[in-house]
Structure formats: C-alpha cells, structure tokens
Amino acid sequence: MKVLVIGGGAREHALCRSLSLDPDVTALHCAPGNAGIAEVAELHPVDQLDGEAVARLATELGAELVVIGPEAPLVAGVADAVRAAGIPAFGPSREAAQLEGSKAFAKDVMAGAGVPTARSYVCTTPEEIDEALDAFGAPYVVKDDGLAAGKGVVVTEDVEQARAHALACDRVVIEEFLDGPEVSLFAITDGVTVLPLRPAQDFKRALDGDEGPNTGGMGAYSPLPWADPKLVDEVMESVLQPTVDELRRRGTPFSGLLYAGLAITSRGVRVIEFNARFGDPETQVVLARLKTPLAGVLLNSANGTLDDQAPLSWSDEAAVTVVVASHNYPETPRTGDPIEGLAEIAEQDAPHAYVLHAGTKRDGDAIVSAGGRVLSVTATGTDLAQARERAYAAVGRIRLDGSQHRTDIARKAAEA
C-alpha cells in the first residue's frame, strides 16, 4: 500500500513511524513533513489547507490511502477533496469535522446524543458573556468556539482574565468547571463501527505542577494505572458510540479519528471537548503501545469496513512522552536554533527511547528549531517508572539553546 500523510508535526512523525514499521506499506510519503519525518518518508511541499492540491499530489503519487493529521485541513474539507478524487482518506468530512471546528456544534451534537458534558452557554455579546460568567462563577472556563491550535481555552479564577479572553473571540462557549482528572480516549470509526484505542493523559500547562499558561501539550503517558478498568467500555457506551450514531442520524457521518477529552468527575465521566483527529502528544504514547499494524486499520476506517477489523493488539509496556519546547513557548517562540544530541539518543537509547520531531527543519547539515513545540521524546518500559526514566535520560542528551520541558510528566502516576 502506498500511503500519503498530511501534516508536519510530532503527531504526523508518530503516524509515519508506525506506518513505516507496517510490512504492508510499500511507499510512504508525507507533505509537508519535517526534518525527522524525512528519515522514514519521502517529503513533498504542499499547501495542506488546499484540498485540490492535496488530492492532486495523492493522485500523482498513486497513493492508496491519505492520512490527514492536523485539524485545520479537516475543517477546510481536504478529506472531501481527496475522496472526490477516488482515493480513500482517513479523516472526517468538512461537515463532520465541525465537531472540533465549532464547540457550539459539538455541544449541540452531545445534547442530541445524550452525551454527558458540562453545562454551557454560547455567547456573542458582552452582555451574554457577563451573564454566563456570573451564572457559573469561578473557576471560569472560557473556550473560543473555533480552532485555536490547542490554545483557545482559558481556565482561571480571575474574572477579568476570563472576560478579556471571551471578548477577544467572535463566538465563545462559557461552561461550568469540571473537577477531577482528565483523560484522552481516541477511537477509530468508519461512521458506524467504533474501535476504541487505549486511554492516555496529557499535560496542558507549560510548567511543572500544572502551573503556567495553557499549551498544545507538554507531555503524555499511557496506560493510566489509576483509572477504572471499565473506563473504556463506559466511555464507548455513554460517549463514543452515541456521538457517532447521532452524527450519522444527522446526515453527517463521522469517519476517522474521534478524540474524546474527558473529565472523571465526582458525578461520573463528562466530555470536556471533542477533536476530529489524533491528539498531540497523546498519539505518541498510544501508538508506541499499539502492536497491530496501523495502515490496515486506517484503511478499514476510510473504506467503511471496520467491522471486518480483527481486535487490536496492545503491548503491556508503558509509554511516556516529554515535549521539548523552544524559548518563550507558548508565546512567540524563538526559532532557528541548532538541535544537537539526536544522534547520541539514536546510538545510546534506541530502541526503548526515540525522538519524534515537531517544529524542526534542516538547515544545511544541521537540524534547527522551527516552531514552539520542537521535539517529543518518547520512551517505553515495563512500567511508567522505567519509561519515565528512559524518556528523561534521552531528554538530557538534547542540546537546544533556551529550550524548556516539564520535569514531572507521569511522575504522580509512576509513584502511585
């Protein structure tokens, strides 16, 4: 099978790594990719928001499956353009991707499906914003209705900060605060059948102890030793299957990756948000544990044949990912700094630890930083403590001026 992956972050590097290890994949392409992906796939320039350009590239390459990684191309309808060219695409249609593209749409779908979530108000005027903030009280949860690359949510005790964020959005969702730990659960679906993956937990705040601003994610781990063993079955029954069924009932069937961000509250599981694609950095740890070859599963989703899919096989090992971010992230990051130590990790830490590139590019013989989140250092081990130890040992070899990373990824879970 010839596969084309769209995107250029650590999520796409994780997808490309898994696809490169699949014996059924005979040719692997990525557009636009990054310096790390270039080691496992052939790179091509493309405007990933231009559906016609992506479809044209897929046709030229003879791709038999196109895997669309990021949310923006999905919301822009790139999967529709690829399918219109007669090529199977892993990823939802433009209409179904509104599940992530509009938080108000997602709330409406959840209401129709009877999916448990936070009570919320959709606001478009300063008066509505003030009423909603007053109704819920602190801590305030304010979400930009549209895509914001993982940074559109503010959770704060400060009403003025909450109001300022809300006023900066065209349309905003203000909702009640959900207590309890958060869990990410991915499911692959073809619009009818839903195949859950293993849960993970990510770390959104920039600094240790969940301090500092929200980011796109600073690390993740899987499995979750503290979670109820019945959690996946419960979420399948109360969240994932009802959502897929509701979208099909509305005439906007969802195929691809359905990501449920969940809060395990004192009143039970509640949905914080849906995403329409693999999450970053959770993908890095979930795919590190998946033993079933990936390409066939994604193709079954794209072709509507997931009911033929054999049960997924998983490693008993744990996985931990630590994100190395550039100076000043998540504000305007500094880029162009050389990255050293990658060869040492490949020589001394493989196969238990490896580096997935996010914001990198090649500059002559050097690899330099080219974004906020630069690298995802991923490691596996017999348990979380060993995976953590291996991940941080590899992080310690990386030399990137001004870089930052959290030192507490998976620490509590490993010590529990």
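Criteria and cut-off values
Residues numbered from 1 in each chain as written. Predicted model: local features only at pLDDT ≥ 70, side-chain atom pairs only at ≥ 80, totals over all residues. Heavy atoms only, no water. Helix = DSSP H or I, 4+ residues; strand = E, 2+ residues; numbered from the N terminus. Rg over C-alpha atoms; globule rule 2.2 N^0.38 Å. Buried < 20%, exposed > 50% of the residue type's maximum accessible area, 1.4 Å probe, protein only. Contact = heavy atoms within 4.5 Å. Areas by Shrake-Rupley, 256 points an atom, 1.4 Å probe, with all protein chains shown as cover. Lys, Arg positive; Asp, Glu negative; His and termini not counted. Charge placed at Lys NZ, Arg CZ, Asp CG, Glu CD. Pairing = 2+ DSSP bridges. Axes fitted to C-alpha atoms, helices over the stretch in contact; angles between N-to-C directions. Phe/Tyr/Trp six-rings, centres within 6.5 Å; stacked < 30°, edge-to-face > 60°. Lys NZ or Arg CZ within 6 Å of the ring centre and 35° of its normal. Core = buried A, V, L, I, M, F, W, Y, C linked by side-chain atoms within 4.5 Å. Left-handed = near helix turned anticlockwise from the far one by under 90°. Nonpolar A, V, L, I, M, F, W, Y, C, P; charged D, E, K, R; others polar.

Explanation requested: the overall build of the protein in the structure shown.
Counting its secondary structure elements, the protein contains 14 helices and 22 strands. Taken against the 2.2 N^0.38 rule, which gives 22 Å for 416 residues, the C-alpha radius of gyration of the protein at 20 Å falls within 12% of a compact globule. Along the first, second and third principal axes, the C-alpha set of the protein runs to 55 × 45 × 40 Å. Split into buried and exposed, the 416 residues of the protein put 57% on the buried side. When contacts within the protein are restricted to residue pairs at least 6 apart in sequence, those whose partners lie at least 24 apart make up 68%. Within the structure as shown, the protein displays about 16,600 Å² of accessible surface, and the carbon and sulfur contribution to it stands at 48%. Of the charged side chains in the protein, 36 are positive and 61 negative; the average position of the first set lies 2 Å away from that of the second.

Looking at this structure, how should I read the sheet that holds strand β11 (residues 194-196)?
Paired through their backbone hydrogen bonds, the strands of a sheet run either parallel or antiparallel. The antiparallel open sheet is built from four strands, whose spatial order is β11-β10-β16-β17. Each edge of the sheet is formed by a strand with only one pairing partner; in this case those strands are β11 and β17 (268-275). Each strand axis lies, on average, 35 degrees off the axis of its neighbour in the sheet, ignoring direction. Sheet topology places strand β10 (residues 182-189) next to β11; three bridges connect them, and they run antiparallel. Bridge pairing in β11 links T189 to V194. Lying over the sheet, helix α11 (residues 294-303) contacts β10, β11 and β16 (256-265), oriented at roughly 70 degrees with respect to β10.

Looking at this model, I keep getting lost on the packing of aromatic side chains. Mind explaining?
Two numbers describe a pair of aromatic rings. These are the distance of the centres and the angle of the planes. Summed over all chains, the structure comprises five aromatic pairs. Between F90 and F278 the ring centres are 6.1 Å apart and the planes differ by 35 degrees, which places this aromatic pair in the tilted class. Of the two residues, F90 is situated in strand β5 (residues 89-90) and F278 in the loop between β17 and α10 (282-289); the sequence distance between them amounts to 188 residues. Neither residue differs from the other here; F90 and F278 are each classed as buried. When the ring of F186 is compared with that of Y259, the centres are 5.2 Å apart and the planes differ by 35 degrees; the resulting orientation is tilted. Remark: Y259 occurs in strand β16 and F186 occurs in strand β10; sequence separation between them is 73 residues. Grouping residues by exposure puts F186 and Y259 together as buried. Among the aromatic residues, ring-to-ring pairing joins F90, F186, Y259 and F278 into one connected group. Here the guanidinium or amino end of R17 rests over the ring plane of Y354, the centre of that ring lying 3.7 Å away.

I'm lost on the pairing of β17 in this one. Help?
Taken residue by residue, a regular strand's side chains alternate between the two faces of the sheet. Of all eight residues in β17, six are buried, a share of seventy percent or more. Bridge count between β16 and β17: seven bridges; the pairing is antiparallel. Each residue of the ladder has a partner; that of G261, found in β17, is E273. What sits between the antiparallel neighbours β16 and β17 is a turn of two residues.

What is the right way to read α11 from this model?
Each α-helix turn comprises 3.6 residues. Residues three or four places apart therefore point the same way. Counting buried positions along α11 gives seven out of ten residues, so the element sits mostly inside the fold. Looking only at α11, the buried set comprises L294, A295, V297, L298, N300, S301 and A302. Positive phi appears at G304, one or two residues downstream of α11, with a value of about 75 degrees.

I keep staring at the nonpolar core and nothing clicks. Help me out?
For soluble globular proteins, nonpolar side chains are generally found buried alongside one another. Counting 74 residues, the largest nonpolar core has L4, V66, L240 and V320 as its most contacted members. The element that contributes the greatest number of residues to this core is helix α9 (residues 231-249), accounting for eight residues. Residues in contact with V66, not counting those within four places in the same chain, are L4, I6, A58, V82, I87, P88, A89 and F90. A10, A14, A200 and A302 belong to the second-largest nonpolar core, a separate cluster that totals 41 residues.

Teacher, can you tell me more about the packing of helix α7 (residues 126-136) against helix α8 (residues 159-167) here?
Each packed pair of helices is defined by two parameters, the angle between the axes and the distance between the axes. At their nearest, the axes of α7 and α8 sit 10 Å apart, and the two run at 145 degrees to each other. In the packing of α7 onto α8, the handedness of the crossing is right-handed. Only V159, A162, R163, A166 and L167 of α8 make contact with α7, whose side of the interface consists of P126, I129, D130 and L133. Grouping the constituent residues of the contact of α7 with α8 by class yields seven nonpolar, no polar and two charged.

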